[in-house]
Amino acid sequence: QLQLVESGGGSVQAGGSLTISCEASKYNDRTCMGWFRQAPGKEREGVASIYGGGGITNYAGSVKGRFTVSQDYAKNTVYLQMNNLKPEDTAMYSCAARFNTVGCLPSIHPSDFGSWGQGTQVTVSS
């Protein structure tokens, strides 16, 4: 059974940094792992993605240059390092997996992913 568990969320002041993780029970070179976030009253949006087959990454324009997604293949874990956080980054962050795929799309969408974690809350204060 597939399991995805996020951790590392918390509260941070604007300009600060935070790294969250997603541990999966399955992760291989044909997996696309995506990070999504959803704030109250807003739609869930794609933040970043990484492909197990080579570690190719993609980022939403709003986080590019500030966030970095990476993988630890041996631990079936992906990370999202968030720097220079802004209040508008406040959201519930969730990881999602799409298996048996040849890659990640440059822009990810929730409907493309079938497996989801519970999410971890990130709150940025000003």
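A brief report on the enclosed structure follows.

Definitions and limits used
- Residues numbered from 1 in each chain as written.
- Predicted model: local features only at pLDDT ≥ 70, side-chain atom pairs only at ≥ 80, totals over all residues.
- Heavy atoms only, no water.
- Core = buried A, V, L, I, M, F, W, Y, C linked by side-chain atoms within 4.5 Å.
- Buried < 20%, exposed > 50% of the residue type's maximum accessible area, 1.4 Å probe, protein only.
- Contact = heavy atoms within 4.5 Å.
- Helix = DSSP H or I, 4+ residues; strand = E, 2+ residues; numbered from the N terminus.
- Pairing = 2+ DSSP bridges.
- Salt bridge = Lys/Arg side-chain N within 4 Å of Asp/Glu carboxyl O.
- Disulfide = S-S within 2.5 Å.

Notes on the nonpolar core
Phase 1: Ranked by size, the top nonpolar core spans 26 residues in total, and within it Met33, Trp35, Val47, Phe67, Leu80, Met82 and Tyr93 carry the most contacts.
Phase 2: With near-sequence residues (within four places) excluded, valine 47 lies in contact with Trp35, Phe36, Arg37, Asn58, Tyr59, Ala60, Val63, Phe67, Leu80, Tyr93 and Ile108.
Phase 3: Judged by nonpolar contacts, the second largest core, of 7 residues, contains Cys32, Tyr51, Ala96 and Cys104.

Here we look at the pairing of strand 4 (residues 32-38)
Phase 1: Burial analysis of strand 4 places 6 of its 7 residues in the buried class, the great majority of the element.
Phase 2: Two elements, strand 4 and strand 5 (residues 45-51), share 6 bridges in a ladder whose sense is antiparallel. Residue phenylalanine 36 lies in a different strand from strand 5, and its bridge partner there is glycine 46.
Phase 3: With 7 bridges connecting them, strand 4 and strand 9 (residues 91-98) associate as antiparallel partners. Residue pairing in the sheet places tryptophan 35 in a bridge with cysteine 95 of strand 9.

With respect to the environment of glutamine 13
Phase 1: With respect to the element layout, glutamine 13 can be found in strand 2 (residues 10-13).
Phase 2: On the basis of relative accessible area, glutamine 13 is assigned to the exposed category, the value being 61%.
Phase 3: In this structure the C-alpha to C-alpha distance between glutamine 13 and threonine 123, which are 110 residues apart in sequence, comes to 8.3 Å.
Phase 4: Apart from residues no more than four positions distant in its own chain, glutamine 13 is found in contact with Val124 and Ser125.

A word on the pattern of salt bridges
Phase 1: Tallied over the full model, the rule gives 3 salt bridges.
Phase 2: The closest approach of N and O atoms between aspartate 89 and arginine 37, which form a salt bridge, is 2.9 Å. Of the two residues, aspartate 89 sits in the loop between strand 8 (77-82) and strand 9 while arginine 37 sits in strand 4, which places them 52 residues apart along the sequence. Residues aspartate 89 and arginine 37 agree in their burial class; the two are buried.
Phase 3: Linking arginine 66 and aspartate 89 is a salt bridge whose minimum nitrogen-to-oxygen distance equals 2.8 Å. Placement of the pair is arginine 66 in the loop between strand 6 (57-59) and strand 7 (67-72) and aspartate 89 in the loop between strand 8 and strand 9, with a sequence separation of 23 residues.

Some points on the state of the cysteines
Phase 1: Scanning the entire structure with this criterion turns up 2 disulfides.
Phase 2: Each disulfide pairs two cysteine sulfurs, and for cysteine 32 the partner residue is cysteine 104, the sulfurs being separated by 2.0 Å. Here the S-S torsion is close to 120°, and the disulfide linking cysteine 32 with cysteine 104 is therefore right-handed. Remark: cysteine 104 occurs in the loop between strand 9 and strand 10 (115-116) and cysteine 32 occurs in strand 4; sequence separation between them is 72 residues.
Phase 3: Judged by its relative accessible area of 2%, cysteine 32 falls in the buried class.
Phase 4: Across the protein chain, the way the bonded cysteines pair up, counted in sequence order, is 1-3, 2-4.

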